[in-house]
Amino acid sequence: MNGWHERLDIMMAQHVHTTSAPPRQVAIAVAGMNCASCVGRVERAIRKVDGVADVAVNLATGTATVALAPTGDVAPVLAAIEAAGYKPALEEADLSIAGMNCASCVGRVERALKAVPGVRDATVNLATGRAHVSYAGGNATLAAARAASAAIGYPAEPVNAEAGAHARAEAAKAAAMEAQRANLLLAGLATVPLVVIEMGSHLVDSWHHFLLDTFGVTALGVIAAALATLVQFGPGREFYAKGFPALLRGAPDMNSLVMLGTSTAYGYSLVATFAPGLLPAGMAYSYFEAGAVIVTLILAGRYFEAKAKGRAGDAIRRLMGLQAKTARVTRGGEERAIPVEAVRPGDIVVIRPGERLPVDGEVVSGSSYVDEAMITGEPVPVAKGAGDQVIGGTVNGNGSFQFRATRVGADTLVAEIVRTVEAAQGGKLPIQALVDTVTLWFVPAVMAAALVTFGAWMVFGPTPALGFAIANAVAVLIIACPCAMGLATPTSILVGTGRAAELGILFRRGEALQALRDARIVAIDKTGTLTQGAPAMTDIVVAGGYREDEVLAAVAAIEARSEHPTGMAIVAEARRRALVLSAPEQFVSEPGRGVKAEVGGRTVMVGSDGMMGAAGVDIGPFTAEAERLGREGKSPVYAAIDGRLAAILAVADPLKETTPEALEALRALGLRIVMVTGDNRRTAEAIAKALPVDEVIAEVLPTAKAEVVKRLQAGGKRVAFVGDGVNDAPALAQADVGIAVGTGTDIAIESADVVLMSGDLRNLRNAFALSRATMRNIAQNLFWAFGYNAVLIPVAAGVLYPAFGILLSPMLAGLAMALSSVSVVSNALRLRRFSPPAGTPPARPAGTRLAPAE
């Protein structure tokens, strides 16, 4: 029976991961990738693994995003990455496991954790009550591991916070940068005297004679060889460590090219220096300085490239910086300060004046004003009292309060925003497919070009042919740069989506950047997107002998007993005006017609024209007003007091103040705007008259919005759909790019490709403008990357020599190669300075729950 129970436990744990049909995304950090060829090899290796539905490898972030089938396992994926010559970077975390009291418990928890896709290994310690988990896939895998443990009866909570994980990642990057810097410094210190010795002797005759007289030819050769060896196998050893195994596997990469080029120059120089008799007469030339300079320049390029790529991730670091490091909670009747990662749902958190809130929650006592500018973009602090929701990362004002933690760790809004941005930054645009196809054959093609160059110079080159052949072949190997091609697209995505997040625009998929740029039609749902989404009283016209506030107070007194949206809008307006509402008596409701009651000794009746007619109330005096209100898309309501017509009121779902300006901005971008609504055509067209829309599609059933999008897509037109409600989800999914307003429902957000975190539609223009700017940036990068190789590889091969006598030295080739990658990354960094177009102020993320990125 025990064996059966254990199998049942594991099945329950696995059930957590297999009940949802869609493939599960697992993000795996891959170390050792430095060019587009690496990306292609890693992708091909992962695709061969059973259970892998799809994979996208991003060079800029160093991440492989793998779509695993529900029964897929990450272990073979990790093994495939290692077999391809790269190192998957696993994360580690400690979980506090509750309920364990024997070795059998330990075994069950270990097996449940190991069964989770993404978990590489797990060890459980009964004495400490903790499990140490080695995993890939980030917070999603860790959450799945916790759920698997809880499913078999052992609740698990993370000991390490997400902020801590990011801090460790940042520390690892800083350490790697410092190692790069040290290698570059050592290479530079050895290369400078080598250049002074070798190149100085060629350029300055007196210096040449001084060196010969002082040291002699043999000693100079030994010194040069020693310095070159230090550079070649000291800082330059990374090219051998990565390039040689790749070459042996028949899959050469950028490191292989550098290794072959510098080794050729180094080896030839050794022979020329210590065994010149092995070479033809007049061929004993040394290229020690060329190899050393190439290594130094490429190391310098990688170092500055890494620094630039680090700046590209500033948006994520700023988002992480919004999280508090500690929290003050009440436990056991006393307050104690604990690390924020130790806060649990249900904890009572104490907030003092000026403090940053550590997690999301609900106020239980006290009151204050909280600065939510980092979430809503609104500069005015928001009043918070019992029952109000508060968001981690916002800043308290002068008051103090206590709140119950509801979302902690990876579940907080800031953490979800970080995950969403990271998911988008790991995406791959359709245009990247062309780059991948080219880079698949790029390195082998360059090696073939180098061999052809060598042969051509040996056959047709002037004397000494061997020297020319070696120099130009090495230049071809060195100048080729798949790095620039591999970085062109993902680095722009990294910076563009990060900048978008700072503006309150979350791209849930990187591909949405290109889709949004290509969209020509913007279909927008009316209710809750163009409008405020809730009815409001817009007009009141009173008959002679009545005061406006007097009638409104009487009508609102009756409607306060009604749950009809129209009545609620009238009551809200009365309360906004601070009117005193009397208690109604003898309240009677006539469904579909109206209500009546005694208020302050008078009979008050509120309802439709039919109700008034049945009661003998003449509504003729307000016929013109009723027609006007109808033309404006408003719903008229009549009020009578003691049998006499007192007023006509109108209720409507008013447009957001910024809607007309937002739509004008979209039209200025050349976009066709279509309003989609379930309202009757008369009401819809009345609303549309106040807006710059090109087409109105009215009387659309909630289930038919996706069909409307399909019709708009006829003929290959690209359509963006903007919505906020549950019934918008199918249309958001059907559109070429779905845009959800962040103040809407979770299901709409989950179905969308882009989320506007505030309800201000003016940020739509920001999204389109940023999309276009990012795609222009990518086009510039690709033009430079491909153009660089197309022009300079032939130059390095010597095509200009017959006509102009121009050759490209290997050292200049190394400099050009180093600058190519740096220039691509630097160009992408210009997106950090993207400013919202005039008239569309930047928005900040709104306080809404985000659905996890798919």
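Residues numbered from 1 in each chain as written. Predicted model: local features only at pLDDT ≥ 70, side-chain atom pairs only at ≥ 80, totals over all residues. Heavy atoms only, no water.

- The protein chain goes by Cu+-exporting ATPase in an unreviewed UniProt entry, where it is assigned to Chelatococcus asaccharovorans.
- According to the UniProt record, the Sequence similarities (unreviewed entry) comment for the protein chain reads "Belongs to the cation transport ATPase (P-type) (TC 3.A.3) family. Type IB subfamily." (UniProt positions renumbered as here; feature names shortened; annotations may be inferred.)

1. So, the sheet that holds strand E25 (residues 672-676)
In step 1: The sheet built from seven strands is open, its strands ordered E17-E29-E28-E27-E18-E25-E26 with mixed pairing. At either margin of the open sheet sits one strand with a lone partner, and together these are strand E17 (505-507) and strand E26 (695-697). Averaged over all adjacent pairs, the angle separating strand axes in this sheet is 20°, with direction ignored.
In step 2: Taken together, the three bridges between E25 and E26 define a ladder with parallel strand orientation. Paired with Val676 across the bridge in E26 is Ile697.
In step 3: Across the face of the sheet, helix H29 (residues 763-797) comes into contact with E17, strand E18 (521-525), strand E27 (719-723), strand E28 (737-741) and strand E29 (754-756) while running at roughly 45° to E17. (Pairing = 2+ DSSP bridges. Helix = DSSP H or I, 4+ residues; strand = E, 2+ residues; numbered from the N terminus. Axes fitted to C-alpha atoms, helices over the stretch in contact; angles between N-to-C directions. Contact = heavy atoms within 4.5 Å.)

2. Focus: the packing of helix H16 (residues 465-479) against H29
In step 1: Interaxial distance between H16 and H29 falls to 8 Å at its minimum, and their mutual angle equals 165°. Here H29 runs roughly antiparallel to H16, going by the angle between their axes. Handedness of the H16/H29 crossing: right-handed. In this structure, H16 contributes Asn472, Ala475, Val476 and Ile479 to the contact, and H29 contributes Tyr788, Asn789, Leu792, Ile793, Ala796 and Ala797.
In step 2: Here the contact of H16 with H29 is composed, by residue class, of eight nonpolar, two polar and no charged. (Parallel < 35°, antiparallel > 145°, perpendicular 65-115°, else oblique. Left-handed = near helix turned anticlockwise from the far one by under 90°. Nonpolar A, V, L, I, M, F, W, Y, C, P; charged D, E, K, R; others polar.)

3. Observations regarding the pattern of salt bridges
In step 1: With the rule as written, the count across this model stands at 25 salt bridges.
In step 2: The partner of Glu334 in a salt bridge is Arg336, and the shortest N-O contact between them spans 3.4 Å.
In step 3: A relative accessible area of 45% means that Glu334 is categorised as partly exposed.
In step 4: The partner of Arg602 in a salt bridge is Glu550, and the shortest N-O contact between them spans 3.1 Å. (Salt bridge = Lys/Arg side-chain N within 4 Å of Asp/Glu carboxyl O. Buried < 20%, exposed > 50% of the residue type's maximum accessible area, 1.4 Å probe, protein only.)

4. A few points about helix H25 (residues 681-688)
In step 1: Listed as buried for H25 are Thr683, Ala684, Ala686, Ile687 and Ala688.
In step 2: Against the buried residues of H25 lie helix H19 (526-530), helix H23 (623-631), E25 and E26.

5. Description of the sheet that holds strand E23 (residues 635-641)
In step 1: With respect to topology, six strands assemble into an open sheet ordered E19-E24-E23-E22-E21-E20, the strand pairing being antiparallel. With partners counted over all chains shown, the strands left at the sheet margins are strand E19 (536-542) and strand E20 (585-590), one partner each. Averaged over all neighbouring strand pairs, the angle between strand axes comes to 20°, with direction disregarded.
In step 2: Where E19 lies against strand E24 (residues 644-652), six bridges are found, and the strand directions are antiparallel. In the sheet register, Val541 faces E24, and the bridge partner there is Ile648.

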